[in-house]
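Each chain, written out:
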Amino acid sequence: MKIIALNGSHSGTHGYTHFLIQKIFKGAAAAGADCEEITLAKLKINLCKGCNVCHQDKHLLHCIHDDKDDVAMIFAKMQEADLLIYATPIYVFNMSGLLKIFLDRLNSTGNSNDFRLSDSGKFFHHISKDIYSKPFVSLICHDNFENEVSKSVTTYFSTFSKFMDAPLVGTIIRRSGKITGYGKNPEKELEYPKIIESYRAIEQAGEELVQQGRITRSTQKVASQDIIPVPFFSILKHFAGFKRKAIEKLREE
Ligand SMILES: Cc1cc2nc3c(=O)[nH]c(=O)nc-3n(C[C@H](O)[C@H](O)[C@H](O)COP(=O)(O)O)c2cc1C
């Protein structure tokens, strides 16, 4: 199995997104997968100009940037993959600008004049199935404790899945990685036993992708769990009084 992860972090291989991709890869490689990370921050990805040249008969499915940046190369690599991972940090409640700029370029790979129904029955048009209509995982990280912060991205990928005929085979959301040292401070991690459990589950997710073609619900749950060492934090965090006290404590630290 060939797995390709698209790392949308602007911090590239220095960021937490990269750290989490490597955790999935560790499990997947141990189970026999061939894994490759494409670090978008290292590549040239021009903005879609919205010129629609790619939808005109003369240039159908050819983008004006095709020989001027790295997107055609990335598409060629995606064609070789059996499974894709779209990995992004949350930037102001959404995916990174870089990942979105890249995903906008998918527009040039579909013939919008050729109407079709998607596999899930949505009105759409021709798409280049060989590039992105394959099982995929969304891997998201952010600092805030609140689940709502990543909602726009989980909704995006659920919609993407339905229109692009791409089965969503797992979602991992790693919240609050920063307070545990971003995977770079093992001593700090000892204060947060659940982050170690989460990292183990993320490795296991990689294994499951190879062995079962998807990440089990239980593994997604452990990988994405709250890691604050306060009993019942996931319930307590919904209460205003608890939140006020937590904020006071955070301010003291
Ligand atoms: C421009 C920018 C905006 C951010 N916005 C949010 C946000 O809205 N919510 C949040 O929880 N974290 C936010 N963060 C924090 C990142 O999501 C978090 O630190 C993430 O782990 C960074 O991953 P990276 O190291 O791979 O870039 C933001 C970071 C940056 C640089």
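Look up a bit, the structure's there.
Residues numbered from 1 in each chain as written. Predicted model: local features only at pLDDT ≥ 70, side-chain atom pairs only at ≥ 80, totals over all residues.

Peer 1: Tell me about the overall build of the protein chain, residues and numbers included.
Peer 2: If you tally the helices and strands in the protein chain, you get 10 helices and seven strands. The C-alpha radius of gyration computed for the protein chain amounts to 19 Å, which stays within 12% of the reference 18 Å derived for 253 residues, consistent with globular compactness. For the C-alpha atoms alone, the extent of the protein chain along its principal axes is close to 65 × 40 × 35 Å. Counting over 253 residues, the protein chain shows a buried share of 34%. Here the analysis covers contacts within the protein chain between residues at least 6 apart in sequence; of these, 73% occur between residues at least 24 apart. (Helix = DSSP H or I, 4+ residues; strand = E, 2+ residues; numbered from the N terminus. Rg over C-alpha atoms; globule rule 2.2 N^0.38 Å. Buried ≥ 20, exposed ≤ 12 C-beta atoms within 10 Å, placed from the backbone. Contact = placed C-beta atoms within 7 Å.)

Peer 1: Any chance you could break down the sheet that holds strand β1 (residues 2-7) for me, citing the residues and the numbers?
Peer 2: In spatial order, the strands read β2-β1-β3-β6-β7; together these five strands make up an open sheet with parallel pairing. Across the chains shown, the open sheet's two edge strands, defined by having one partner strand only, are β2 (34-39) and β7 (168-175). Strand-to-strand twist in this sheet, taken as the mean axis angle between neighbours without regard to direction, amounts to 15°. This element, helix α1 (residues 16-30), spans β1, β2, β3 (83-89), β6 (136-142) and β7 of the sheet and lies at about 155° to β3. (Pairing = 2+ DSSP bridges. Axes fitted to C-alpha atoms, helices over the stretch in contact; angles between N-to-C directions.)

Peer 1: Give me the lowdown on the site of the ligand, citing residues and values where you can.
Peer 2: Taken together, 17 residues lie around the ligand, and S9, G15, P89, H142 and N144 are the ones closest in. Within the residue set of the shell around the ligand, elements represented by two or more residues are α1 and β6. In the shell around the ligand, the residues fall into eight nonpolar, seven polar and two charged. (Near = placed C-beta within 6 Å. Nonpolar A, V, L, I, M, F, W, Y, C, P; charged D, E, K, R; others polar.)

Peer 1: Mind laying out helix α3 (residues 97-104), listing which residues take part and the relevant values?
Peer 2: Within α3, burial applies to L98, L99 and F102. Each buried residue of α3 sits inside an arc of 100° when the element is viewed along its axis, so together they form one side. At its buried positions, α3 is contacted by β1 and β3. (Arc of directions from axis to C-beta.)

Peer 1: Explain helix α7 (residues 193-212) to me, and be specific about the residues and the numbers.
Peer 2: Given a rise of 1.5 Å per residue, 20 residues ought to cover 28 Å, and the 28 Å separating the end C-alpha atoms of α7 matches this to within 8%. Inspection of α7 places I195, S198, Y199, A201, I202, E203, Q204, A205, G206, E207, E208 and L209 among the buried residues, and these make up the whole buried set. At the exit of α7 stands G213, carrying a positive phi of roughly 75°. (Expected span 1.5 Å × (residues − 1).)

Peer 1: If you had to explain the environment of F233 to someone new, which residues and values would you point to?
Peer 2: With respect to the helices and strands, F233 occurs in helix α9 (residues 233-236). The residues touching F233, leaving out its near neighbours within four places in the chain, are D226 and I228.

Peer 1: An account of the environment of G8 is requested, with residue identities and associated values reported.
Peer 2: When you line up the elements, G8 lands in the loop between β1 and α1. Here G8 falls in the buried class, since 28 other C-beta atoms lie within 10 Å of it. Counting along the chain gives 84 residues from G8 to V92, while the straight-line C-alpha distance between them is 14 Å. With near-sequence residues (within four places) excluded, G8 lies in contact with L40, A87, T88, M95, S96, L98 and L99.

Peer 1: Give a description of the nonpolar core that names residues and reports values.
Peer 2: Counting 48 residues, the largest nonpolar core has I3, L6, I24, L84, I85 and L139 as its most contacted members. Per element, the largest residue contribution to this core is six residues, and it comes from α7. Ignoring sequence-local partners within four residues, the contact set of L84 consists of I4, L6, M78, Y132, K134 and F136. (Core = buried A, V, L, I, M, F, W, Y, C linked by C-beta atoms within 7 Å.)

Peer 1: Residue-level account of the pairing of β6, with values.
Peer 2: Counting buried residues in β6 gives seven out of seven residues, a clear majority hidden from the surface. Neither face of β6 is left uncovered, since the one carrying F136, S138, I140 and H142 and the one carrying V137, L139 and C141 both have all their residues buried. When β3 meets β6, the two strands line up parallel, connected through six bridges. Along β6, the bridge assignment pairs A87 with L139. The pairing of β6 with β7 spans seven bridges and is parallel. Paired with I140 across the two strands is I173, which belongs to β7.

Peer 1: So what's going on with the pairing of β3? Which residues, and what values?
Peer 2: Buried residues dominate β3, accounting for seven of its seven residues. Across five bridges, the pairing between β1 and β3 is parallel. Paired with L6 across the strands is Y86, a residue of β3.

That is the geometry; function is a separate question.
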